[in-house]
Structure formats: C-alpha cells, structure tokens
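Chain and residue survey
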Amino acid sequence: MASIGNGELQFGTSGSPTSLTDYTASVKDVSFSRNGDIIDVTTFGNAARKWIKGLTDADMTVEFFYSGSLYAALQNLLTYTAGGVSWQYGPDGTTSGNPKVTQTGSLNSSTGIGLLLESVDDSTSIGEVKMLSATFKISGAITFGTYA
C-alpha cells in the first residue's frame, strides 16, 4: 500500500544538545540509512564461506528549506565537539502507533554517542527556492519504537 510522506524530525542544538528542537516544518526530504557489517569467518578446509553479523552504523541526509536561523544552528552544530546530540525521527509522522527512531546524545566527546553533523551545503540559484543540505553520522545504539 502506498503512503504519502508526512515525517517528523527533531534534534538537539549546540546550545542545548539533549533537548529536542522541532525542525519538521523546515524539512523537505530525509534519507535515513542503516548498514550492518557482514564478516567473513571462513576457515581453512571449509567448502563454503561462513559469515557473521558485525557492527551496525547509520547516517541521515536531510534537505531543508533555508532560513537564517537554521543556517546558523547547523553551522554551530558542525563545530560542536562536546559529543553527539539527541534526536528523534518519525518517518510516518507522530500519529499514535507510527514508528519512531530515537537516541539520547552523550555530552562526552570521547564517545560521541548521538547525532553528529558531518557536512552542511547551501546553494543559491536564481529563480529557485534556497535549500540547505546536511549529512549526519549516527554514533551508537538506536532505539526503535512507536509514538504513544
């Protein structure tokens, strides 16, 4: 069954890393990607390869409609080195029962658990809507649940 996108995205800021700020109204597109390592553990004498699951990682690319305050918040988050920030993502919106992905950021720069901003890109074209693009790395375990 096809559905219309109606997501939700919140994340902390450099000034308030564990408090969520709602950026949903500025978001045009979110690409949330998770990967899992598959490790070859084949030994001598095996007739076929053997594999085990390894570590997982995730990243998120977000396209935002430009605003000066959002631009400043992202630039400040890019240089934030005290750890990762908390975040929450709802790919289907916040209706009760819909999936919710969350993580609480760590204020410890050596662990970096949470959402880490990797890059910010902005472009301006004559006659076009001004956009911001941000790429995030997600460090540490993620919680998958549903909205209540």
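Refer to the structure printed above.
**Some points on the side chain of Ser 106**
Structurally, the position occupied by Ser 106 is in the loop between strand 6 (99-103) and strand 7 (114-123). When neighbours within four sequence positions are excluded, Ser 106 is seen to be in contact with Ala 82, Gly 83, Gly 84, Thr 111 and Ile 113.

**A word on the pattern of salt bridges**
This model, assessed by the stated rule, comprises 3 salt bridges. Of the charged contacts in the structure, one is a salt bridge between Asp 40 and Arg 49, with a shortest N-O distance of 2.4 Å. Residue class for Asp 40 comes out partly exposed when judged on its relative accessible area of 34%. Among the salt bridges present, the one from Asp 122 reaches Lys 130, with a minimum N-O distance of 3.3 Å. Of the residues examined, Asp 122 reaches a relative accessible area of 36% and is grouped as partly exposed.

**A few points about the packing of aromatic side chains**
Taken as a whole, this structure holds 7 aromatic pairs when the rule is applied. Ring geometry for Tyr 23 versus Phe 64: centroids 6.5 Å apart, planes at 75°, classification edge-to-face. In this pair, Tyr 23 is assigned in the loop between strand 2 (21-22) and strand 3 (27-40) and Phe 64 in strand 4 (residues 51-65), connecting sequence segments 41 residues apart. Both residues of the pair, Tyr 23 and Phe 64, count as buried. A connected cluster of aromatic rings, assembled from ring pairs, spans Phe 11, Tyr 23, Phe 64 and Phe 136. The ring of Tyr 66 has Lys 130 lying over it, and the distance from NZ or CZ to the ring centre is 4.7 Å.

**A short note on the nonpolar core**
Phe 11, Phe 64, Leu 74, Trp 87 and Phe 136 are the most contacted members of the largest nonpolar core, which totals 24 residues. Contributing elements (two or more residues each) for this core: strand 1 (8-11), strand 4, helix 1 (68-78), strand 5 (87-90), strand 7 and strand 8 (131-139). Setting aside anything within four residues of it in sequence, one finds Leu 74 in contact with Phe 11, Phe 64, Leu 117, Val 120, Leu 132, Ala 134 and Phe 136.

**What about the pairing of strand 4?**
Of the strand pairs in this sheet, strand 3 and strand 4 are connected by 12 bridges, and their pairing is antiparallel. Paired with Ser 31 across the strands is Thr 61, a residue of strand 4. Of the pairings in the sheet, the one linking strand 4 to strand 8 comprises 8 bridges and is antiparallel in character. Considered in strand 8, the bridge of Met 60 is made with Phe 136.

Quick notes on the rules
- Along each chain, the written sequence defines residue order, and numbers are assigned to residues from 1.
- Local features are withheld for residues below a pLDDT of 70 in this predicted model, meaning they are given only at 70 or higher, and side-chain atom pairs are given and counted only at 80 or more; totals for whole chains, interfaces and linings count all residues.
- The side-chain values count all of the structure's non-hydrogen atoms but skip hydrogen atoms and water molecules.
- Helix and strand labels come from DSSP, where a helix needs a run of H or I of at least four residues and a strand needs a run of E of at least two; each type is numbered from the N terminus.
- Two residues form a contact once any of their heavy atoms are found within 4.5 Å.
- Each salt bridge in this description consists of a side-chain nitrogen of Lys or Arg and a carboxyl oxygen of Asp or Glu lying within 4 Å of one another.
- Residue burial is assigned from relative accessible area. The probe radius is 1.4 Å, only protein chains are included, and a residue is buried under 20% of its type maximum, exposed over 50%, and partly exposed in between.
- Only centres within 6.5 Å qualify two rings of Phe, Tyr or Trp (six-membered ring in Trp) as a pair; their planes then separate them into stacked at under 30 degrees, edge-to-face at over 60, and tilted for everything else.
- Charge-over-ring contacts are defined here by two conditions on Lys NZ or Arg CZ: a distance within 6 Å of the ring centre and an angle within 35 degrees of the ring normal.
- Residues grouped as a nonpolar core are buried Ala, Val, Leu, Ile, Met, Phe, Trp, Tyr and Cys residues, joined through side-chain atoms within 4.5 Å.
- Only strands joined by at least two bridges in the DSSP assignment are considered to pair.

Structural measurements only, silent on function.
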